[in-house]
Amino acid sequence: FGLGVAIMGVVALRNRVILKMALRNIPRRRAQTSLIVLGLMLGTLLFSASFATGDTLAHTIKVVALERIGSVDVVVRAETSDSSGRRAYFDMAYFETVRERLSGVQEVEGVAPLAKEEAPVLVPSTRLSEPQVDILGYDEERMGKFDRLVDGHGNALSVSALSPDQVYLSSDLADKLDASAGDAVWLFLGAQPTALEVAGVYEKGANPAGELSMAMSLSRLQALTGNEGRINSILITNRGGAIQGAAHTDVVMSSLEPLLEGSGLEADPIKQDALNQAAGIGSMFSTVFLVFGQFSIAAGILLIFLIFVMLAAERKRELGIARAVGAQRGHVIRMFAFEGAVYSLMAAAVGSLLGVAVGWGMVRIMAIAFGQMEFGLVFAFSWQSVVIAYTLGMVLTFAVVLVSSWRVSRLNIVRAIRDIPEPRITRRTMRGLVLNVLLPVVGILFTIAGIGGERASLFMLGTSLLIIGVSLLALRLGVPERPAYTVAGVGLVVWWLLPFDALDFILPEMQAGIEMFFISGIMIVLGAVWAVIYNSDLLLAATVFLFGRIRGLAPVLKIAVSYPMQSRLRTGMTLAMFSLVVFTLMVMAFI
């Protein structure tokens, strides 16, 4: 984006007259300008909406992860565990060693010992039980820098104030067991259950633990498990907020590694791993939305191209006069490029901002679906995503503008002034021959790479390029357009609609990702459009045969079908654009 802006700025300074000619067209046709901007903003809007959705999902997963982790950034525990996943206990002396080692590390805010178990819990009065409950044993004197247990009214609960036979329950566990303060609960940590009394219910603060948890004093849990003077976890919290503290994890880990080497203990960066996982899942969802959005983006690219082709057709006489008074073809390209750059800048700005609103709407709809799974989406987006969407949309739009500008600059001055259609001239240049030969060669290379790497996308793309390349080469060798493009179009449609296992007997099993949706859609639509466009006269004859018997309809049908066929390029691109939109709707409805 920066490179493009710099180049356009330099070219504009050196071609100020051409720049003024381009800019004066923008305010002259305000309605047309508004429609062009709306058309050009489609790609940017989809980018922005996809990024906003991905940011929301990543943020929501981070919130869910942090609810279970809280302010704990790193956990030190035994490297090995038994068959049930229970971590081994170790002497409290290791805690003192770790605390002393980290006392000089500025990034560390607190260190605390913890005993953690998982066991069934039963309430005799309600006869309700839970098979897996996190049992946490705290040393409250060491937990000053960590999250405190808080009840539903925001009051802190003190673990040190508990008697040996009292515990706190999480609100979710209390709801599951239908228990409240004063009720008796049985804890199954040994051969016989231990009767305990519920002293209170906390809403949050039990970290790191799941929704179903129970908290008691460290000494009491040590006595219940027969591990007096031993713990199985050391909690470490970093300076900064719940998310910002994870940035110091690498420093803490590098400080702990020499200390824990050969001790049988390991440091686990649980918060950093959770945040990375959340970011990965959010990125995955962004990719999914972008892949499906690429159909609409492809339709948008065709729309952009059509807009500038139609714009050139409307101004054909104006362009012809400009050429007649001395403007060169390069000047025409630059004039359209300047005008398109301004349109793109405005469209990208509108699209990136509207995309956030569209993303919010998508999140609201998804929240209804996820609400049934008790997964509350929290809308979020970053300014970086908006900037990326803006620049990405601008670059994509402007690249299409440049191609279309080059395309529309090819005109005959006399025909342009008289507004006469350009004749179709088939030129057999060396560049065209090289392209016709290179396309099937690239297709063969992609096919071989796909088979060797067992990648379905490369294999199918390579074979598709081979089908197209062979047909274009046949066209170069004198085969008429109708059979050449019809065979290529029908071949693409048939090839991509074959069952997945049609070639299993000769090909290895290949890996296929979500990108296959986009590649298959583009190839099928391309093949179908080619087959239709180059057989339009046959379709016209069939249409007239079926409906032409209706009085007065035959000439109307002939004119209605023949007129669009005068410009195969524009008609084919329009047909492909609408086909992609309908194709996208059908695929999404099917999924």
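Above: the structure in question.
First things first, this report covers the structure right here in the doc. Not measured: the values here are computed from a predicted model.

Conventions and cut-offs
- Residues numbered from 1 in each chain as written.
- Predicted model: local features only at pLDDT ≥ 70, side-chain atom pairs only at ≥ 80, totals over all residues.
- Heavy atoms only, no water.
- Helix = DSSP H or I, 4+ residues; strand = E, 2+ residues; numbered from the N terminus.
- Rg over C-alpha atoms; globule rule 2.2 N^0.38 Å.
- Buried < 20%, exposed > 50% of the residue type's maximum accessible area, 1.4 Å probe, protein only.
- Contact = heavy atoms within 4.5 Å.
- Areas by Shrake-Rupley, 256 points an atom, 1.4 Å probe, with all protein chains shown as cover.
- Core = buried A, V, L, I, M, F, W, Y, C linked by side-chain atoms within 4.5 Å.
- Expected span 1.5 Å × (residues − 1).
- Arc of directions from axis to C-beta.
- Patch = residues over 30% accessible without salt bridge, like charges linked within 9 Å, V, L, I, M, F, W, Y side chains within 5 Å.
- Salt bridge = Lys/Arg side-chain N within 4 Å of Asp/Glu carboxyl O.
- Phe/Tyr/Trp six-rings, centres within 6.5 Å; stacked < 30°, edge-to-face > 60°.
- Lys, Arg positive; Asp, Glu negative; His and termini not counted.
- Charge placed at Lys NZ, Arg CZ, Asp CG, Glu CD.
- Polar contact = N/O pair within 3.5 Å; in protein donor to acceptor, adjacent residues only side chain to side chain.

Broken down by element type, the protein carries 19 helices and eleven strands. Taken over C-alpha atoms, the radius of gyration comes to 34 Å for the protein, far larger than the 25 Å a tight globule of 591 residues would show. Across the 591 residues in the protein, those meeting the buried criterion constitute 43%. The contacts in the protein between residues at least 6 apart in sequence include a share of 80% that link residues at least 24 apart. Here the protein has roughly 30900 Å² of accessible surface; of this, 63% comes from carbon and sulfur atoms.

Looking at the element boundaries, Val 408 is found in helix α11 (residues 383–408). Judged by relative accessible area, which is 9%, Val 408 ranks as buried. Counting along the chain gives 399 residues from Val 408 to Gly 9, while the straight-line C-alpha distance between them is 22 Å. Apart from residues no more than four positions distant in its own chain, Val 408 is found in contact with Phe 308, Val 309, Ala 312 and Phe 336.

Time to look at the nonpolar core. In this structure, Phe 308, Phe 336 and Trp 496 are the most contacted members of the largest nonpolar core, which totals 63 residues. The greatest single-element share of this core, amounting to twelve residues, is contributed by helix α8 (residues 270–314). In contact with Phe 336, not counting residues within four places along its chain, are Phe 308, Leu 311, Ala 312, Leu 319, Val 401, Ser 405 and Val 408. Membership of the second largest hydrophobic core comes to 39 residues, among which are Ala 78, Tyr 89, Leu 212 and Leu 265.

The bulk of non-glycine residues show a negative phi, and the bulk of peptide bonds are trans. Here the bond from Asn 207 into Pro 208 is cis, since omega is -10°, no more than 30 degrees from zero. Backbone geometry places Glu 454, a non-glycine residue, at a positive phi of 55°. Tracing the chain through its elements places Glu 454 in the loop between α13 (430–453) and α14 (456–476). Using a relative accessible area of 35% as the deciding quantity, one classes Glu 454 as partly exposed.

Bringing helix α17 (residues 536–547) into the picture now. Given a rise of 1.5 Å per residue, twelve residues ought to cover 16 Å, and the 16 Å separating the end C-alpha atoms of α17 matches this to within 8%. Among all positions in α17, only Ser 536, Leu 540 and Val 544 are buried. Down the axis of α17, the smallest arc covering the buried residues is 75°, so these residues share one side. Turned more than 90 degrees away from the buried face of α17, the exposed residues are Phe 545 and Leu 546.

Moving on, we come to a nonpolar patch on the surface. A cluster of nonpolar side chains, contributed by Leu 433, Val 434, Val 437, Leu 438, Val 441 and Leu 445, occupies part of the molecular surface with about 480 Å² of accessible area. By secondary structure assignment, the location of Leu 445 is in helix α13.

Let us look at the packing of aromatic side chains. With the rule as written, the count across this model stands at five aromatic pairs. Where Phe 90 meets Tyr 94, the ring centres are 6.0 Å apart and the plane angle is 85°; that geometry is what we call edge-to-face. A relative accessible area of 6% means that Phe 90 is categorised as buried. On the basis of relative accessible area, Tyr 94 is assigned to the partly exposed category, the value being 34%. Seen from their ring centres, Phe 459 and Trp 495 are 6.2 Å apart, and the 55° between their planes marks the pair as tilted. Remark: Trp 495 occurs in helix α15 (residues 481–496) and Phe 459 occurs in helix α14; sequence separation between them is 36 residues. No difference in accessibility class separates Phe 459 from Trp 495, as the two residues are buried.

Okay, the side chain of Thr 194 next. Positionally, Thr 194 belongs in strand β7 (residues 194–202). What Thr 194 contacts, discounting residues up to four positions off in sequence, is Val 185, Trp 186, Leu 187, Arg 220 and Leu 224.

A separate point is a negative patch on the surface. Taken together, Glu 67, Asp 172, Asp 175, Asp 178, Glu 203 and Glu 211 make up a surface patch of like negative charges. Note on placement: Glu 203 falls in the loop between β7 and β8 (213–217).

Quick look at the side chain of Thr 249 now. With respect to the helices, strands and loops of the structure, Thr 249 is situated in helix α7 (residues 249–260). Here Thr 249 falls in the buried class, since its relative accessible area comes to 0%. A distance of 2.8 Å separates the side chain of Thr 249 from the backbone oxygen of Ala 246, its partner in a polar contact.

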